[in-house]
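# Fold and contact review
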Amino acid sequence: SAVISQKPSRDICQRGTSLTIQCQVDSQVTMMFWYRQQPGQSLTLIATANQGSEATYESGFVIDKFPISRPNLTFSTLTVSNMSPEDSSIYLCSVVDRQETQYFGPGTRLLVL
Amino acid sequence: EDQVTQSPEALRLQEGESSSLNCSYTVSGLRGLFWYRQDPGKGPEFLFTLYSAGEEKEKERLKATLTKKESFLHITAPKPEDSATYLCAVQAYYKLSFGAGTTVTVRA
C-alpha cells in the first residue's frame, strides 16, 4: 500500500487569500487525484494530477480556482485560490497503486473566515 | 452518470448486534466497487475491492459481497471500535464515485 502525507493538516484562512496544499507519496505512482469533502458530505473528485502536463478537471472545477502542479511521480500540490467561506472543506490527496487500489491521504482541513 | 446510493444513512448498534449496510449502484463499465472506512477528521481507509458479482471478501468482523446492482457490508458481532462512517465507491476507469456513506455507532 502507498503511504501518503499532506501538509498542512489544517489551516484557518481569511477570505480572498490562497492556500497551497502539498501531497507526498512514499513511492512512485502513476495516478494521483485531488478530492474535496464538504462538511457532512461525501467525497467529490476535483481533478486528476498529471505528471508533466496540465491537470484534468471535473465538471464544476476550474484551473483558475484550483491550480494543480505535479512535477514528479511522488509529489503534487493543490492551490485553493481567492478563498471564500464556501471553500471550507477537507481536501484529500489520493493515489492508485500497482494493484489498482486507491489510497487516500490524511486530508487537509480548511476553514475560511 | 454513475450513481451510488448507500442505506441507511445512520445505524446504531449494540455491541455484538450484527447488521448489514447496503450500497446500490448504476455505472457504465464497472471496474471495481470499493469499501472504505472513515473516522472523524481522517482520510478514508481502504477496506475491500470487489470486481465481479458473487465475489466476497472478509476482514476481521467485516464481510463485503457484490451482486450486479448492489453490495453489502456485513458487520458481525461489532465492537465499539467499529464505529465509523463506511463509504462505498464505484470505479469507472480510474475515477471513483462515492456514496454519501453510512455512519455506524456501536454502543458498549
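Scroll up a little and you will see the structure.
Residues numbered from 1 in each chain as written. Chains lettered and ligands numbered in written order. Predicted model: local features only at pLDDT ≥ 70, side-chain atom pairs only at ≥ 80, totals over all residues. Heavy atoms only, no water.

## A look at the pattern of salt bridges
All names here are of chain B. A complete count under the given rule lists seven salt bridges over all chains for this structure. With a shortest N-O distance of 3.0 Å, D39 and R37 are connected by a salt bridge. Just as D39 is buried, R37 falls in that class too. One salt bridge connects K57 with E55, and the closest N-O pair in it is separated by 3.8 Å. E55 gets classed as buried once you look at its relative accessible area, which sits at 19%. (Salt bridge = Lys/Arg side-chain N within 4 Å of Asp/Glu carboxyl O. Buried < 20%, exposed > 50% of the residue type's maximum accessible area, 1.4 Å probe, protein only.)

## Some details on the state of the cysteines
Residues and elements named next belong to chain A. Under the criterion given, the structure shown has two disulfides over all chains. The residue that forms a disulfide with C23 is C93, at a sulfur-sulfur distance of 1.9 Å. For the disulfide bridge between C23 and C93, the dihedral angle about the S-S bond is near -65 degrees, and by the sign convention the bridge is left-handed. Note that C23 is positioned in strand β3 (residues 19–25) and C93 in strand β9 (residues 89–96), a separation of 70 residues in sequence. (Disulfide = S-S within 2.5 Å. Helix = DSSP H or I, 4+ residues; strand = E, 2+ residues; numbered from the N terminus.)

## Some thoughts on the interface of chain A and chain B
Across the boundary between the two partners, chain A contributes 19 residues, which contact 19 residues of chain B. There are two salt bridges connecting chain A and chain B. As a salt-bridge pair, E58(A) and K95(B) come within 2.9 Å of each other at their nearest N and O atoms. Applying the counting rule to chain A against chain B returns six residue pairs in polar contact (both at pLDDT 80 or more). The element contributing the most residues to the side of chain A that touches chain B is strand β4 (residues 31–37) of chain A, with four residues. (Contact = heavy atoms within 4.5 Å. Polar contact = N/O pair within 3.5 Å; in protein donor to acceptor, adjacent residues only side chain to side chain.)

## Re unusual backbone geometry
For the bond running from K7(A) to P8(A), omega is -10 degrees, close enough to zero to count as cis. Structurally, P8(A) is set in the loop between β1 (4–7) and β2 (10–13). Put simply, S7(B) and P8(B) share a cis peptide bond, and its omega is -10 degrees. Its location among the elements puts P8(B) in the loop between β1 (3–7) and β2 (10–14). Even without being glycine, E100(A) reaches a positive phi, approximately 65 degrees.

## A closer look at the side chain of T65(B)
With respect to the secondary-structure elements, T65(B) resides in strand β7 (residues 62–66). Non-local contacts of T65(B), meaning those with residues more than four positions away in its chain, are made with L50(B), E55(B), E56(B), E70(B), S71(B), F72(B) and H74(B).

## Thoughts on the pairing of strand β6 (residues 56–59) of chain B
All names here are of chain B. Note: β6 against β7, four bridges, orientation antiparallel. Within β7, the position partnered with K59 by the bridge is L62. Between the end of β6 and the start of β7, which pair antiparallel, lie two residues, with E60 showing a positive phi angle near 55 degrees. (Pairing = 2+ DSSP bridges.)

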